[in-house]
Amino acid sequence: MRTCAIVVAAGAGTRFGAPKQFVPLRGARVAHHAVAVAGASCDDVVVVLPADTTWDGPPVTASVTGGVTRSESVRCGLAAVPDDADVIVVHDAARPLASSALFRAVVAAVETGADGAVPALPVSDTVKQVEGDRVVETVDRDGLMAVQTPQAFRAEVLRKAHAEAPEATDDAALVEALGGAVVVVDGDPRNIKITTALDLELAMALLSGGDAA
Ligand code: C5P
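Residues numbered from 1 in each chain as written. Predicted model: local features only at pLDDT ≥ 70, side-chain atom pairs only at ≥ 80, totals over all residues. Heavy atoms only, no water.

J.: A description of the site of the ligand should follow, citing residues and the corresponding values.
T.: Taken together, the neighbourhood of the ligand is formed by 16 residues, with V8, A10, G11, K20 and S73 sitting nearest. Protein contacts shield 85% of the accessible area of the ligand, which totals 460 Å² for the unbound molecule. Cavity membership is defined here by more than half of the atoms lying within 2 Å of grid points; on that basis the ligand lies in the largest pocket. (Near = heavy atom within 4 Å. Areas by Shrake-Rupley, 256 points an atom, 1.4 Å probe, with all protein chains shown as cover. 1 Å grid on protein atoms, 1.4 Å probe; cavity = no way out; pocket = protein on both sides within 12 Å on 5 of 7 lines; lining within 4 Å. Sits in = over half its atoms within 2 Å of the grid points.)

J.: Residues and numbers for the layout of surface pockets, please.
T.: Estimates place the volume of the largest pocket at around 590 Å³. Lining the largest pocket are 25 residues, and of these G11, A12, R15, K20 and R70 sit closest to its centre. The element best represented in the lining of the largest pocket is helix α2 (residues 70-78), accounting for three residues. By residue class, the composition of the lining of the largest pocket is nine nonpolar, ten polar and six charged. (Points joined across faces, edges and corners; volume = space filled by probe spheres on them. Helix = DSSP H or I, 4+ residues; strand = E, 2+ residues; numbered from the N terminus. Nonpolar A, V, L, I, M, F, W, Y, C, P; charged D, E, K, R; others polar.)

J.: Summarise a nonpolar patch on the surface; cite the residues concerned and give the values.
T.: A grouping of M145, V147 and V184 is seen on the molecular surface, where their side chains present a nonpolar patch of about 240 Å² in accessible area. Classification of M145 by relative accessible area gives partly exposed; the value is 38%. (Patch = residues over 30% accessible without salt bridge, like charges linked within 9 Å, V, L, I, M, F, W, Y side chains within 5 Å. Salt bridge = Lys/Arg side-chain N within 4 Å of Asp/Glu carboxyl O. Buried < 20%, exposed > 50% of the residue type's maximum accessible area, 1.4 Å probe, protein only.)

J.: Before we move on, can you summarise the state of the cysteines with the specific residues and values?
T.: Under the criterion given, the structure shown has zero disulfides. Just so you know, C42 is unpaired, no disulfide at all, and the nearest cysteine sulfur is the one on C4, 7.3 Å from it. (Disulfide = S-S within 2.5 Å.)

J.: Give me the lowdown on the pairing of strand β4 (residues 44-49), citing residues and values where you can.
T.: Here β4 lies mainly inside the structure; six of its six residues are buried. Where strand β1 (residues 3-8) meets β4, five bridges bridge the pair, whose relative direction is parallel. Bridge pairing in β4 places V7 opposite V47. Here four bridges tie β4 to strand β5 (residues 62-65), and the two strands are oriented parallel to one another. By the bridge assignment, V48 is partnered in β5 with V64. (Pairing = 2+ DSSP bridges.)

J.: Would you mind going over the nonpolar core in detail, with residue names and values included?
T.: Counting 27 residues, the largest nonpolar core has V7, W55, V89, F103 and A152 as the members making the most contacts within it. Those elements that place two or more of their residues in this core are β1, α1 (30-41), β4, β6 (87-92) and α3 (100-111). Per-element accounting of this core gives the leading share, six residues, to α3. Excluding residues within four positions of it along the chain, V7 makes contact with A34, V35, A38, V45, V46, V47, V48, H91, D92 and A93. Residues V64, V74, V90 and L174 belong to the second largest nonpolar core, which totals 23 residues. (Core = buried A, V, L, I, M, F, W, Y, C linked by side-chain atoms within 4.5 Å. Contact = heavy atoms within 4.5 Å.)

J.: Can you explain the side chain of H91? Please cite residues and give values.
T.: Relative to the elements of secondary structure, H91 occurs in strand β6. Engagement of the side chain of H91 in a polar contact is seen with the backbone oxygen of R95, the distance being 3.1 Å. Setting aside its immediate chain neighbours within four residues, H91 contacts I6, V7, V8, A34, A98, F103, T149 and P150. (Polar contact = N/O pair within 3.5 Å; in protein donor to acceptor, adjacent residues only side chain to side chain.)

J.: For unusual backbone geometry, give the residues involved together with the corresponding values.
T.: Cis geometry marks the peptide bond from T149 to P150, where omega comes out at 10 degrees. Inspection of the secondary structure assignment puts P150 in the loop between β10 (145-147) and β11 (151-154). Phi at R26 takes a positive value of approximately 50 degrees, unusual for a residue other than glycine. Structurally, R26 is set in the loop between β2 (24-25) and β3 (28-29). Of note in this structure, D52 is not a glycine but carries a positive phi near 65 degrees. Assignment of secondary structure puts D52 in the loop between β4 and β5.

Everything listed here is a matter of geometry and, on its own, says nothing about what the molecule does.
Printed below as a string of structure tokens:
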């Protein structure tokens, strides 16, 4: 089956204080790492960038300008996905440590019949619902999973899920809303999302095998 990755890199990095996906990480930018693994794992790669940004990383099939929200940016990428793609893999540029094995695992789950597949890790902390500083309730964490990217989908299912321009924090939520069958594969604890300066330090340490220099 033909695979195409969409790597979304059009965020403003509000929590980080700068577009975190373009900060240097071990000799390349964060987004370069994410696109490199996408390129090694999929037949095509579409990278989605902020306006006025020129792609200076590994080769891609297309680079396009994103939108105001993550979901809009995915739709900008979808418009540039080749028509013959059977499986589309959406990946956050802010996850530079995803492995090819993880890309292969989500693609394989779709190739064997799922509408979508996402990497997931069990939630290990106790989770509480709060309002202001007051705890409202403690959520039963049995069955709760934290979900990562890359997320793979049957191409026509992902296109349909985005047809009415809905919003969600990931693409699986849109496919679930259509009643699509989304399965989980084992997530990777190393596949962290760069959100804060500490995450960047952690990524540097992980990339150098534990030496956080
Ligand atoms: O903001 P958040 O960390 O959830 O962003 C996840 C990914 O989506 C990042 O790689 C970010 O660059 C991308 N994004 C985007 N367009 C937006 C917002 C986020 O491509 N408007």
